[in-house]
Amino acid sequence: MYKYIIIGAGAAGLFLGALTSAEGNGVILEAGSEPGRKILLSGGGRCNFTHAGDIRDFPDRYGASGRKVRSALYKFNNSEVRRFFRAHGIESYVNEEGRVFPKSDRAADIRDLLLSLCGKNGWEIRTDTQITQIGQCEGGYFLNGGAAGRMSRNGGAFETENLIVATGSGAFKGFGAGRGMQNLLSGLGIQTVPLKPALVPVRIAGYAFAGNPFDGLSGISLSDVHVRVLDGKTGKKPAEGRGPMVFTHSGLSGPVILNLSGQMGSGTVLELALTRVEMPDARGEQKNLLHFLENQTGLPQRVLERVIRIAGAEPGEKASSVSGGRLAAIYKMLRGFRVRVEDTLGMDAAMAASGGVSLKAVSTGSFEVKGFPGLFVIGEALDVVGESGGYNLQFAFSSAAAVSRELKKRAEAV
């Protein structure tokens, strides 16, 4: 029987291994062919591993879950994370948005360090090991590996005194193995929340007409858009935010859309304030309408041209010849363009997911499952999702640190 088994060699699982001695009797089981794959993809391959903001502001970045995990975030905060990596030779820097990256801009440096520390702490890592069964046994827990009636390459049966679930949520293409974990845990009687894509782009259509009004603008980004999310039936506003937005081939993405996507679904209406500039007086203006609006708003020409045409005007006509009513209609769109969400792009396109093991099922001081001694759940396997910008990796590290403290305390008490 192992003393420790961690399911999942992602950010949370590897960080726990980097902090905790396995006492020569611990294994990390990974369903994929390589440990730390999502770390390598994070931050566009640069690994935005935390945020440099005031830690007191962090709980608000996790929605309704933030207050419940505040203690863990405070005890191992963003400064502690940067200090940890600095102590092991990885310096970091902060970009203009407050995101923290390794100075090398190489996510592999983060992953490789964690793997090295896991090795020094005596952890064995087995890849290609899909867990298909979890149950209780005398002295702890048993696991079976394998899928669809066959054993995976490193499958088999395992027993452990302490089991830590760090499988992630299964968000993003190629990481679907994490989606089945909540079924295994709910089968034990542990309360779970259905998975739902979060931090995900959306497909859109026009509010008052068919088709994507921004079709053909894919790749154009706006640095500061105010987005209001409205219920398509009641008009109520469940959420709003500001930040960069990107037009895609089928809809919208970028930080402000990703952060609000958990509040969106089919039929949701988005009101996009592309500018907050008040309508100027165009009387006597010699520039054409397109250049006049570009000068006033700073928005890209292709975006302005699209809005002008939707409003029934011509980009090349002289600005002073445009009627006040037509100009007012254009500015109404620029300050509150409405589109309807057809749907999100789903789990395979999501950077994270809400759902997983309910926080009601765990002690948020140690992340041990209530009524299941020695069973812990950390990171995205819990129903915790943060905004983009390093908050989800921060929670992975903070929750792993909480479990590490608990395991050390118990080991010292023996």
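Small disclaimer: the values here were computed from a predicted structure and weren't measured.

*Asks:* Got a sec to walk through the overall build of the protein? Specific residues and values, please.
*Replies:* Helices and strands together make up the secondary structure of the protein, namely eleven helices and 20 strands. Relative to its full complement of 414 residues, the protein shows a buried share of 53%. Long-range pairs, those at least 24 residues apart, make up 71% of the contacts in the protein between residues at least 6 apart in sequence. Charge centroids of the protein, computed over 48 positive and 39 negative side chains, lie 3 Å from each other.

*Asks:* I'd like to hear about the side chain of N95, residue by residue, with values.
*Replies:* Following the sequence through the fold, N95 ends up in the loop between β4 (92-94) and β5 (99-102). A polar contact is formed between the side chain of N95 and the backbone nitrogen of E97, at a distance of 2.9 Å. Separated by 2.9 Å, the side chain of N95 and the backbone nitrogen of R99 make a polar contact.

*Asks:* An account of the pattern of salt bridges is requested, with residue identities and associated values reported.
*Replies:* Summed over all chains, the structure comprises 27 salt bridges. Between R37 and E30 there is a salt bridge whose closest N-O contact spans 3.9 Å. The salt bridge involving D281 is made with R283; its shortest N-O contact spans 2.6 Å. When salt bridges with common partners are traced through the structure, they connect E368, E406, K409 and R410 into a single cluster.

*Asks:* A description of the packing of aromatic side chains should follow, citing residues and the corresponding values.
*Replies:* This model, assessed by the stated rule, comprises 16 aromatic pairs. Ring geometry for F58 versus Y391: centroids 5.0 Å apart, planes at 70 degrees, classification edge-to-face. One end of the pair, F58, is in the loop between β3 (50-51) and α3 (70-75); the other, Y391, is in helix α11 (residues 391-413), and 333 residues separate them in sequence. Of the two residues, F58 and Y391, neither departs from the other in class, the shared state being buried. Taken together, the ring pairs in this structure connect F15, F49, F76, F84, F85 and F397 into an aromatic cluster.

*Asks:* Please provide a residue-by-residue account of the environment of R203, values included.
*Replies:* In this fold, R203 is placed in strand β11 (residues 202-206). For the pair R203 and M333, spaced 130 residues apart in sequence, the C-alpha to C-alpha distance is 19 Å. In this structure R203 touches S250, G251, R340, V341, E342, D343, T344 and L345, once residues within four positions along its chain are discounted. Among the polar contacts made by the side chain of R203, one reaches the main-chain carbonyl oxygen of T344 at a distance of 3.5 Å.

*Asks:* Kindly report on the side chain of T129, identifying the contributing residues and their values.
*Replies:* Looking at the secondary structure, you find T129 in the loop between β6 (123-126) and β7 (131-137). For T129, a relative accessible area of 1% corresponds to the buried category. Here the side chain of T129 touches T127 through a polar contact of 2.9 Å, landing on its backbone oxygen.

*Asks:* Explain the packing of helix α1 (residues 11-19) against helix α5 (residues 107-120) to me, using residue names and the numbers behind them.
*Replies:* α5 packs onto α1 with a crossing angle of 45 degrees between their chain directions and a minimal axis gap of 7 Å. As judged from the angle between their axes, α1 and α5 are oblique. Between α1 and α5 lies a crossing of left-handed hand. Of α5, the residues touching α1 (which contributes L14, F15, G17 and A18) are L114, L115, L117 and C118. The residue inventory of the contact of α1 with α5, partitioned by class, reads seven nonpolar, one polar and no charged.

*Asks:* Before we move on, could you go through the sheet that holds strand β12 (residues 221-230) and cite the residues and values that matter?
*Replies:* One closed barrel holds the six strands; their spatial order is β11-β14-β13-β12-β15-β16, and the pairing between them is antiparallel. If you compare each strand with its neighbour and ignore which way they point, the axes differ by 50 degrees on average. Sheet analysis places strand β13 (residues 239-247) next to strand β14 (residues 251-253), joined by two bridges and oriented antiparallel. Along β14, the bridge assignment pairs V246 with S253. Contacts from helix α10 (residues 324-336) reach β15 (269-273) and β16 (337-344), with the element oriented near 110 degrees to β15.

Here is what the cut-offs are and how they apply
Residues numbered from 1 in each chain as written. Predicted model: local features only at pLDDT ≥ 70, side-chain atom pairs only at ≥ 80, totals over all residues. Heavy atoms only, no water. Helix = DSSP H or I, 4+ residues; strand = E, 2+ residues; numbered from the N terminus. Buried < 20%, exposed > 50% of the residue type's maximum accessible area, 1.4 Å probe, protein only. Contact = heavy atoms within 4.5 Å. Lys, Arg positive; Asp, Glu negative; His and termini not counted. Charge placed at Lys NZ, Arg CZ, Asp CG, Glu CD. Polar contact = N/O pair within 3.5 Å; in protein donor to acceptor, adjacent residues only side chain to side chain. Salt bridge = Lys/Arg side-chain N within 4 Å of Asp/Glu carboxyl O. Phe/Tyr/Trp six-rings, centres within 6.5 Å; stacked < 30°, edge-to-face > 60°. Axes fitted to C-alpha atoms, helices over the stretch in contact; angles between N-to-C directions. Parallel < 35°, antiparallel > 145°, perpendicular 65-115°, else oblique. Left-handed = near helix turned anticlockwise from the far one by under 90°. Nonpolar A, V, L, I, M, F, W, Y, C, P; charged D, E, K, R; others polar. Pairing = 2+ DSSP bridges.

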